[in-house]
Amino acid sequence: MVRNYRVDDHNIGKNLSKRQIIVIEILKDINDNYATVKLSDEAVKYGYNKNYLSNIFKSIVEDTFSNIVNKQRIINAHILLDTTALPVTEVMKKVGIKNKTFFYRKYEERYKASPGKKR
């Protein structure tokens, strides 16, 4: 997950700022806990106001926390659909998505096919 998001190219090879380090840690948290991760929990963990942390995250990653979490969930759902025989509803639960319409829409946006066609 971390390698997919740029942290200012001009800082590569130099010392990262505290904000960049925190965002990298949050990206790792998203990667490891995508089904349950919440911005409010991350804000408490790193000692920031939720809205302030959201702004820091977006300024560095150039996307919102929720979009990144949902992308990670859809990627992992795709992997589960490829590698297991779990029903789509069970895959949704495992990746932390409750709304079937949302899941199908996001999955189709990313993979240009419905989750059922993966079978």
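Note that the coordinates shown come from a computational prediction; the quantities given were computed from them, not determined experimentally.

Visitor: Could you clarify how one ought to interpret the overall build of the chain in this entry?
Guide: Looking only at helices and strands, one finds six helices and zero strands in the chain. Taken from N to C terminus, the helices and strands of the chain fall in the order α-α-α-α-α-α. Here the chain holds 119 residues, and 38% of them are scored as buried. Relative to all contacts within the chain whose residues are 6 or more apart in sequence, the contacts with residues 24 or more apart total 57%. Summed over all atoms, the accessible surface of the chain reaches about 7,400 Å², with 49% contributed by carbon and sulfur.

Visitor: I'm lost on the side chain of Ser114 in this one. Help?
Guide: Following the sequence through the fold, Ser114 ends up in the segment after α6 (100-111). Dropping the residues within four chain positions of it, Ser114 is found in contact with Tyr104, Tyr107 and Glu108.

Visitor: What is the right way to look at α6 in this model?
Guide: Think of an α-helix as turning once every 3.6 residues; residues three or four places apart then point the same way. Taking 1.5 Å per residue, twelve residues should reach 16 Å; α6 reaches 16 Å between its end C-alpha atoms and fits that length. With a side-chain oxygen lying 2.9 Å from the backbone nitrogen of Thr101, the N-terminal cap of α6 falls on Asn99. The positive-phi residue at the C-terminal boundary of α6 is Lys112, with phi of around 55°.

Visitor: Would you mind going over the packing of aromatic side chains with me for this structure?
Guide: Two descriptors summarise a pair of aromatic rings, namely the distance from one centre to the other and the angle between the planes of the rings. Summed over all chains, the structure comprises five aromatic pairs. When the centroid spacing of 6.0 Å and the interplanar angle of 85° are considered together, the rings of Phe103 and Tyr104 count as edge-to-face. Taking 5.0 Å as the distance between ring centres and 40° as the angle between the ring planes, the aromatic pair formed by Tyr107 and Tyr111 counts as tilted. Here Tyr111 and Tyr107 lie together in helix α6, a separation of four residues that amounts to about one turn. In this structure Tyr111 comes out as partly exposed when scored by relative accessible area, which is 25%. Taken together, the ring pairs connect Phe103, Tyr104, Tyr107 and Tyr111 into an aromatic cluster.

Visitor: Sorry, what's going on with the pattern of salt bridges here?
Guide: Note on pairing: side chains with opposite charge can pair once their charged atoms come close. Enumeration according to the criterion identifies four salt bridges in this entry. The shortest N-O distance in the salt bridge between Asp63 and Lys71 comes to 2.8 Å. Under the relative-accessibility criterion, Lys71 is labelled partly exposed at 32%. The partner of Glu109 in a salt bridge is Lys106, with the nearest N and O atoms 3.7 Å apart. Separated by three residues within a single helix, Glu109 and Lys106 lie in helix α6, roughly one turn from each other.

Quick notes on the rules
- Residues numbered from 1 in each chain as written.
- Predicted model: local features only at pLDDT ≥ 70, side-chain atom pairs only at ≥ 80, totals over all residues.
- Heavy atoms only, no water.
- Helix = DSSP H or I, 4+ residues; strand = E, 2+ residues; numbered from the N terminus.
- Buried < 20%, exposed > 50% of the residue type's maximum accessible area, 1.4 Å probe, protein only.
- Contact = heavy atoms within 4.5 Å.
- Areas by Shrake-Rupley, 256 points an atom, 1.4 Å probe, with all protein chains shown as cover.
- Expected span 1.5 Å × (residues − 1).
- Polar contact = N/O pair within 3.5 Å; in protein donor to acceptor, adjacent residues only side chain to side chain.
- Phe/Tyr/Trp six-rings, centres within 6.5 Å; stacked < 30°, edge-to-face > 60°.
- Salt bridge = Lys/Arg side-chain N within 4 Å of Asp/Glu carboxyl O.

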